[in-house]
Amino acid sequence: MLDIRKIRENPEAVQAALARRGAAAAEGMECLLEADRKRRAGISQSEQLKNKKKTLSAEVGKLKQQGEDASALMEEVKVINEQIKQLDDSAAEQEKELTNALLAIPNTPDASVPAGTDDSANEFIREWGAAPQFDFEAKNHVELGEALDILDLKRAVKIAGSRFAVFKNEGARLLRGIIQFMLDVQTTENGYAEVYPPVLVNRDSLLGTGQLPKFEEDLFKLADDPFYLIPTAEVPVTNLHRDEIIEEDQLPVCYAAYTACFRREAGSYGKDTQGIIRQHQFDKVELVKFAHPDTSWDELEKLVGDAESVLKKLNLAYRVMNLCTGDLGFSSAKTYDLEVWLPSQGMYREISSCSNFTDYQARRAKIRFRRGGPKGKPELLHTLNGSGLAAGRLWIAVVENGQEKDGSVTIPEALRPYMGGLEKISPKV
């Protein structure tokens, strides 16, 4: 959530920053400022009446002590009480409306984010590794998975519906191994503390990270209980410190969490309907940082490097892209995407997004730190997160990039200890 004081002090600058995201993002600024003016005027009027009431109440007390008639003043105090109640009730309603308006406004993009309306304007940063060169036509992960009996989409449809998958045999072990491998890399090498949070969260948690109210249609909500299935571990992990103050010398606080994730993908019908690129249920290792505002941009670069380290260890070709304003997530000030090479598509596909949200989520979730030690005044910290990585998409990359002409799949060396030493998944005889 943006700071209403900054909007109030320099609305033109905020509107110009939001306009870089598109016209829709900058709409409603004048209405928001007018609501803020009315709210503040009502609060000021209420305070004046409360001061007047205090003075009159003191006079009533004096008159009573002197045995004089105070009924006229008491009646005036009664009228003032009614006026104060009306003003306070109105201010509370206006505060609610203002908050709802602020919740609907996205974060302002950092100046280093390139302008653009869609992913065609994303900025190439770097690439690593070489895409494998096959002397045969590359198969996709569905063809390979079904032939090797490690992926079953037909039975997944029977069990649940489209956009679900059943991993089998070595395929299930490969997925489990990938998850364990990623957690081990982030916790033993990159310095993250592991947490395993709930996959059901309350509405406040989703408000805190920015999924609500904007993206309610993308969420799975329980019908009879006040819970939502998480779209990403970013939600519960960020909310670990909701309404808390973290001491400055503890920053950055870094967490790695594996969870299943659930998304309705309401706005993506017709996209990636084949295979397991886009699923209603998928697995992911999430990296979350609570950082000092003075160092959060450095922490973003480190976060990207931590996500990259997994791909490097698996020897998978990838590239890093700086997302443009039109492709930027709602809560993000800047996002880097990691895109891994998929041979069957002959292109790079997103496998991780690493973002700095500055103080946008922290303001919503009231996550602060004390600058200068325990006696310092609390102020908002910065939150960051990134996929470290999406396990299902990494499974696809491992299978497709490791495919052989005979239909077998060679397991990357780094994953073999998690596969009981298995070097290759071969067709069943």
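### Topic: the nonpolar core
Step number 1: Counting residues in each nonpolar core, the largest one holds 52 residues, and the members touching the most others are L174, I178, M182, L311, L394 and W395.
Step number 2: Top contributing element to this core by residue count: helix 8 (residues 169-189), with eight residues.
Step number 3: The residues contacting M182, other than those within four sequence positions of it, are V285, V310, G388, L389, A391 and L394.
Step number 4: With 17 residues, the next largest nonpolar core counts V14, L33, L103 and Y360 among its residues.

### A closer look at the state of the cysteines
As used in these notes, a disulfide is a covalent bond between sulfur atoms, one from each of two cysteines.
Step number 1: Under the defined criterion, the tally for this structure stands at zero disulfides.
Step number 2: With no disulfide of its own, C261 has C354 as its nearest cysteine by sulfur position, at a separation of 15 Å.
Step number 3: Relative accessible area serves as the criterion here: at 0%, C261 is assigned to the buried category.
Step number 4: With no disulfide of its own, C354 lies closest to C254 among cysteine sulfurs, the gap being 13 Å.

### Description of the environment of E123
Step number 1: Take E123: it is sitting in strand 1 (residues 123-128).
Step number 2: Taking the C-alpha atoms as reference points, E123 and M321, separated by 198 residues in sequence, lie 5.4 Å from one another.
Step number 3: Beyond its immediate stretch of four places on either side in the chain, E123 contacts S112, P114, V320, M321 and N322.

### Examining the pairing of strand 10 (residues 318-322)
Step number 1: Of all five residues in strand 10, four are buried, a share of seventy percent or more.
Step number 2: Pairing geometry for strand 1 and strand 10, over five bridges, is antiparallel. Bridge assignment links E123 to a residue of strand 10, and that residue is N322.
Step number 3: Relative to strand 11 (residues 334-342), strand 10 is paired through five bridges, and the arrangement is antiparallel. For V320, the partnering residue across the bridge sits in strand 11 and is L338.

Conventions adopted
Residues numbered from 1 in each chain as written. Predicted model: local features only at pLDDT ≥ 70, side-chain atom pairs only at ≥ 80, totals over all residues. Heavy atoms only, no water. Core = buried A, V, L, I, M, F, W, Y, C linked by side-chain atoms within 4.5 Å. Buried < 20%, exposed > 50% of the residue type's maximum accessible area, 1.4 Å probe, protein only. Helix = DSSP H or I, 4+ residues; strand = E, 2+ residues; numbered from the N terminus. Contact = heavy atoms within 4.5 Å. Disulfide = S-S within 2.5 Å. Pairing = 2+ DSSP bridges.

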